[in-house]
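Working through the structure, step by step
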Amino acid sequence: MDSQIILSLLAASGVVTILLFVVRGLLDQLPDVFAAWKRVKKAYRADASPVDEGRDVEGRGADMPE
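Residues numbered from 1 in each chain as written. Predicted model: local features only at pLDDT ≥ 70, side-chain atom pairs only at ≥ 80, totals over all residues. Heavy atoms only, no water.

Moving on to the overall build of the chain. Helix and strand counts for the chain come out as one helix and zero strands. Summed over its atoms, the accessible surface of the chain is roughly 6,400 Å², and 66% of this surface lies on carbon and sulfur atoms. (Helix = DSSP H or I, 4+ residues; strand = E, 2+ residues; numbered from the N terminus. Areas by Shrake-Rupley, 256 points an atom, 1.4 Å probe, with all protein chains shown as cover.)

Right under this line is the structure:
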């Protein structure tokens, strides 16, 4: 009985340690994720200029026949 309590405490502390390690790893990646998101938004805004809004992927006007 006594050894089962000790093993349970060791297992619980191991799980908490692993969870803290994972959370720390995720939090360390957040600045890079936010920076990448800002770059994506900036690139999207640069590509979506008012001149290009009426054109499809191949550069033709939306109302022009193929």
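Structure's up, so let's keep going.
As a further point, take helix H1 (residues 2–47). Between its first and last C-alpha, H1 extends 67 Å over 46 residues, near the 68 Å set by a 1.5 Å rise per residue. Roughly 30° is the biggest bend found in H1, and it falls at Leu30, with proline Pro31 one to four residues downstream. (Expected span 1.5 Å × (residues − 1). Bend = angle between axes of the 7 residues up to and from the residue.)

A contiguous nonpolar patch, built from Val23, Leu27, Leu30, Val33 and Phe34 and spanning about 450 Å² of accessible area, is present on the exposed surface. Looking at the secondary structure, you find Leu30 in helix H1. (Patch = residues over 30% accessible without salt bridge, like charges linked within 9 Å, V, L, I, M, F, W, Y side chains within 5 Å. Salt bridge = Lys/Arg side-chain N within 4 Å of Asp/Glu carboxyl O.)

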